[in-house]
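Per-entry structural report
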Amino acid sequence: MLTTDPIADFLTRIRNAQMAGHRIVEIPASNLKKRITEILYDQGYILKYKFEDDSKQGLIKIALKYDVDTKQPAIRVLERISRPGLRQYSKPADFKAVFNGLGIAIISTSKGVMTDKQAKKENVGGEVLCRIY
């Protein structure tokens, strides 16, 4: 299946799986999606992930994280910022705190894909892919 915005598809699959209460979601892999998955794991938004190779492009299996008591997902909001029709770029000085510093923005920079805090620390700007909190 051809998608015009694979990052939006990635975020939508996670969002839909959480709304349905699924524990695991499978997503077609790409290098950018793999890096975003690693960032989500490092920041504590998902339990685990696994990259699987198949005869095509591979799969990413993500174990979603939920609160034990309330059964609410760890990711409250997944918001796509830059789209194919309207790219959003930002300089390190223009990065705004996501959800008063409790969330993250994922930035695609010349030094790779990283969070907004890492990009500000390394003083690099780039395309703002999404916000998560």
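Before going into details, it helps to say that this report is about the structure given with it. Owing to the predicted nature of the structure, the values given are computational and were not obtained by experimental measurement. (Residues numbered from 1 in each chain as written. Predicted model: local features only at pLDDT ≥ 70, side-chain atom pairs only at ≥ 80, totals over all residues. Heavy atoms only, no water.)

On to unusual backbone geometry, then. The phi torsion at Asn100 lies on the positive side, around 55 degrees, for a residue other than glycine. Relative to the elements of secondary structure, Asn100 occurs in the loop between strand S5 (89–90) and strand S6 (104–109). Among the residues examined, Asn100 registers a relative accessible area of 77% and is labelled exposed. Backbone geometry at Asn123 places phi at a positive 60 degrees, although glycine is not the residue there. By secondary structure assignment, the location of Asn123 is in the loop between helix H3 (116–122) and strand S8 (126–132). (Helix = DSSP H or I, 4+ residues; strand = E, 2+ residues; numbered from the N terminus. Buried < 20%, exposed > 50% of the residue type's maximum accessible area, 1.4 Å probe, protein only.)

Time to look at the nonpolar core. One finds Phe10, Ile14, Ile36, Leu40, Ile62, Ile106 and Ile132 to be the most contacted residues of the largest nonpolar core, which totals 25 residues. Residue assignment for this core shows that the elements contributing at least two residues are helix H1 (6–20), strand S1 (24–28), helix H2 (31–42), strand S3 (59–64), S6 and S8. Per-element accounting of this core gives the leading share, 5 residues, to H1. Per-domain counts for this core show at least three residues from each of domain 1 (6–64) and domain 2 (78–132). With sequence-adjacent residues up to four places away left out, Ile132 is seen in contact with Leu40, Tyr45, Ile75, Val77, Leu78, Val98, Gly103, Ile104 and Ile106. (Core = buried A, V, L, I, M, F, W, Y, C linked by side-chain atoms within 4.5 Å. Domains from an automatic or database assignment. Contact = heavy atoms within 4.5 Å.)

All we've got here are geometric facts, nothing functional implied.
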